[in-house]
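Fold and contact review
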Amino acid sequence: MTPPEATNSGASGPEQTADLVLGSWRLRVSAPPDLLREVLTVMAPPCTVEEAALGIGWTVQAMRDEHDELPSTNDADEVCADRPVLVSPRGGPQLAVVDASNGLIRLLGRYKPCSAAALLEIDKARRMTRVVVPGAGPGRRWPDWVARMFFSSRMLAGGWRLLHASAVVVDGAAVLFVAGQGGGKTTLAHRACKELGAQFMADDLVMVGPSGIVAGWPTRAVLPVGMVSLQEASAGRERLVTGTRHRLVLAPAEHRATLGYARPTRLGAVVHVTTGVNPAGSDQVAWAAPMDKAGLGAVMADAADIPAQRLYSTDLLGVTGGPRRVDWPELGWDTTLSGTVGARLTLADLRTLPDAPVWEALSVWLSGVSR
């Protein structure tokens, strides 16, 4: 659902309101049309968008800095130098508490190091986070960051797992591609969309619920340069070079503008990607073998071993009034993985992955994904 058009459809028009819904959780977002559109683009899916309704869990009110509430870069440096700062991994968002009085908590946030500051004001009595963003730059992404924090903190406390994996929907069921860093997850997900007609879910992170439902989690997308479309190439803003591996980086909204995303879907198969020597001694470049329940559980446990990302997805400062805890419930994988197919895809050389006959090798398992 698209939020109703405001009477003034310009970027600086009156506020619009919509509710993001995922499972039993509901978040209201109120913002000028362009800011609201950016949040909904990033969060739906995995969320659905509904008309504003009673019984909301929290409200995010996003606005531009029209009253000079935000400090200059130099002033922000001084504030952060004088206070403890919560720093996310790999140059991610930073938050400093600047005030806690009159029932409000005020945080100064930088979405990227040295970027313009944003203001986050938490009012627990009104169950609201007010976010004041700069006019341009990565600081405009704070509203969708708060939205992700609202849902992820509650999902993790409710028994969902955050996994390092890519995901697509094939024949009505979610297929996870699990591998180490740079192990081919993104390549396989994009190949599945282009070659199998799959629906995209996630590039790097997924949430898996206790009942086996998979929700793709919004992150930037890092695509092999040789696989990108012209539309994706024009949207990307930078390239990463790791050794000889060139990657195009797209923010979540940029990637979603080039590729449709699937809603949360029941888990059907897990493909573990690795490299090795064919025990049969043939010249195959790709082959697959089944994983038993123990092997499948071990692969999923390894994919869930991402403490920095889990911490990043937990509302330690109470930005959205969420459960501030790190002792997430530990539930067995037996119920979650019930009926899930597991296959180990092995390649002789990972560099052949963009063209290797992977679907031929996986056909026995992928053909049985839909149940």
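Coordinates for the structure precede this section.
Below is a summary of the structure that appears in this document. (Residues numbered from 1 in each chain as written. Predicted model: local features only at pLDDT ≥ 70, side-chain atom pairs only at ≥ 80, totals over all residues. Heavy atoms only, no water.)

Right, let's talk about the packing of aromatic side chains for a bit. Counting across every chain of the model gives five aromatic pairs. Taking the centre distance of 5.6 Å and the plane angle of 90 degrees together, the rings of Tyr-111 and Trp-142 count as edge-to-face. Of the two residues, Tyr-111 sits in the loop between β7 (104-110) and β8 (117-123) while Trp-142 sits in helix α3 (residues 142-157), which places them 31 residues apart along the sequence. Judged by its relative accessible area of 4%, Tyr-111 falls in the buried class. A ring pair is formed by Phe-150 and Phe-151, whose centres lie 4.9 Å apart and whose planes are at 90 degrees; its orientation type is edge-to-face. Given the relative accessible area of 2%, Phe-150 is considered buried. In this structure Phe-151 comes out as buried when scored by relative accessible area, which is 0%. Taken together, the ring pairs connect Tyr-111, Trp-142 and Trp-145 into an aromatic cluster. Above the plane of the ring of Tyr-261 lies Arg-256, whose end atom (NZ or CZ) is 4.0 Å from the centre. (Phe/Tyr/Trp six-rings, centres within 6.5 Å; stacked < 30°, edge-to-face > 60°. Helix = DSSP H or I, 4+ residues; strand = E, 2+ residues; numbered from the N terminus. Buried < 20%, exposed > 50% of the residue type's maximum accessible area, 1.4 Å probe, protein only. Lys NZ or Arg CZ within 6 Å of the ring centre and 35° of its normal.)

Relative orientation of the contacting elements helix α4 (residues 185-196) and helix α10 (residues 358-366) amounts to 85 degrees, with a least axis distance of 13 Å. Regarding the angle of α4 to α10, the classification is roughly perpendicular. Contact residues: α4 offers Leu-188, Arg-191, Ala-192, Glu-195 and Leu-196, while α10 offers Val-358, Trp-359 and Leu-366. (Axes fitted to C-alpha atoms, helices over the stretch in contact; angles between N-to-C directions. Parallel < 35°, antiparallel > 145°, perpendicular 65-115°, else oblique. Contact = heavy atoms within 4.5 Å.)

Time to look at the pairing of strand β2 (residues 25-31). Among the seven residues in β2, six count as buried, and that is most of the element. In terms of strand pairing, strand β1 (residues 16-22) meets β2 through seven bridges, oriented antiparallel. Its bridge partner lying in β2, Leu-22 is registered against Trp-25. Strand direction decides the pairing type here: β2 and strand β4 (residues 58-64), joined by four bridges, are parallel. From the neighbouring strand, Arg-28 faces β4, where its bridge partner is Thr-59. (Pairing = 2+ DSSP bridges.)

This part covers the environment of Val-132. Mapped onto the elements, Val-132 comes out in strand β9 (residues 128-133). We classify Val-132 as buried; its relative accessible area is 0%. As a C-alpha pair, Val-132 and Glu-66 span 66 residues in sequence and 8.9 Å in three-dimensional space.

This part covers a nonpolar patch on the surface. A cluster of nonpolar side chains, namely Leu-86, Leu-311 and Leu-316, defines an oily patch on the protein surface of about 220 Å² accessible area. Mapped onto the elements of the fold, Leu-316 is located in the loop between α8 (307-312) and α9 (333-336). Note on Leu-316: relative accessible area 32%, which makes it partly exposed. (Patch = residues over 30% accessible without salt bridge, like charges linked within 9 Å, V, L, I, M, F, W, Y side chains within 5 Å. Areas by Shrake-Rupley, 256 points an atom, 1.4 Å probe, with all protein chains shown as cover. Salt bridge = Lys/Arg side-chain N within 4 Å of Asp/Glu carboxyl O.)

Turning next to unusual backbone geometry. For the bond running from Ala-44 to Pro-45, omega is -15 degrees, close enough to zero to count as cis. Examined against the element boundaries, Pro-45 turns out to sit in the loop between α1 (33-43) and β3 (48-50). Note the cis peptide between Pro-45 and Pro-46, where omega equals 15 degrees. The topology assignment puts Pro-46 in the loop between α1 and β3. In the Ramachandran plot, Asn-102 falls in the positive-phi region, its phi being about 55 degrees despite a non-glycine side chain. The topology assignment puts Asn-102 in the loop between β6 (94-101) and β7. Even without being a glycine, Asp-171 presents a positive backbone phi close to 50 degrees. Secondary-structure assignment places Asp-171 in the loop between β11 (166-170) and β12 (173-178).

What follows concerns the side chain of His-164. Residue placement: His-164 occurs in strand β10 (residues 161-164). With relative accessibility at 12%, the residue His-164 sits in the buried group. At a separation of 3.4 Å, a polar atom in the side chain of His-164 contacts the side chain of Lys-185. (Polar contact = N/O pair within 3.5 Å; in protein donor to acceptor, adjacent residues only side chain to side chain.)

Scope: geometric values only; no functional claims are made or implied.
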